[in-house]
Amino acid sequence: IRVHCGRGVFRGGGSQTSCDSFEFHRGEPSWDMKQLLAWIRVNLLKERPELFVQGDTVRPGILVLINDADWELMGELEYQLQDQDNVVFISTLHGG
């Protein structure tokens, strides 16, 4: 699974936190998007996670693409990640 976080995705309040693109492999069972977001919150977002997540989902203003398709078409949090998936987070605020 490849995850790409554009620079400035987690921008706000004078601070910026971004994650580099990364790739990881999960064995069985597969993760869903809710589990991926929880993992990102714990392992990547060291400062101000509220700029990226709100509750169990991404905050408004962050576009999530799974294999170049809007995650709303894929089932959002319930989407089961596959080994070759490409997940991209893009901020629609501040020019992405």
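Computed from a predicted structure; not experimentally measured.

Colleague: It is not clear to me how the pattern of salt bridges should be interpreted in this structure. Could you clarify?
Modeller: Opposite charge on two side chains lets them pair, provided their charged atoms get close. Summed over the entire model, instances satisfying the criterion amount to two salt bridges. Between lysine 34 and aspartate 56 there is a salt bridge, and its shortest N-O distance comes to 3.4 Å. Residue lysine 34 is located in helix H1 (residues 33-43), and its partner aspartate 56 is located in the loop between strand S5 (53-54) and strand S6 (57-58); the two are separated by 22 residues in the primary sequence. Taking the relative accessible area as the measure of exposure, aspartate 56 reaches 48% and is therefore partly exposed. As a salt-bridge pair, arginine 48 and glutamate 50 come within 3.2 Å of each other at their nearest N and O atoms.

Colleague: Sorry if this is basic, but what is going on with the packing of aromatic side chains here?
Modeller: One pair of aromatic rings is described through two measures. These are the centre distance and the angle between the planes. By the definition in use, this model includes two aromatic pairs. Both rings, one in tryptophan 31 and one in tryptophan 39, keep their centres 6.4 Å apart while their planes meet at 50°; by these two values the pair is tilted. Tryptophan 39 sits in the partly exposed class, given a relative accessible area of 27%. Look at phenylalanine 52 and phenylalanine 89: their rings are 5.0 Å apart centre to centre, the planes differ by 75°, and that puts the pair in the edge-to-face class. Placement of phenylalanine 52 in the loop between H1 and S5 and of phenylalanine 89 in strand S9 (residues 86-91) is noted, with a sequence separation of 37 residues between them.

Analysis parameters
- Residues numbered from 1 in each chain as written.
- Predicted model: local features only at pLDDT ≥ 70, side-chain atom pairs only at ≥ 80, totals over all residues.
- Heavy atoms only, no water.
- Salt bridge = Lys/Arg side-chain N within 4 Å of Asp/Glu carboxyl O.
- Helix = DSSP H or I, 4+ residues; strand = E, 2+ residues; numbered from the N terminus.
- Buried < 20%, exposed > 50% of the residue type's maximum accessible area, 1.4 Å probe, protein only.
- Phe/Tyr/Trp six-rings, centres within 6.5 Å; stacked < 30°, edge-to-face > 60°.

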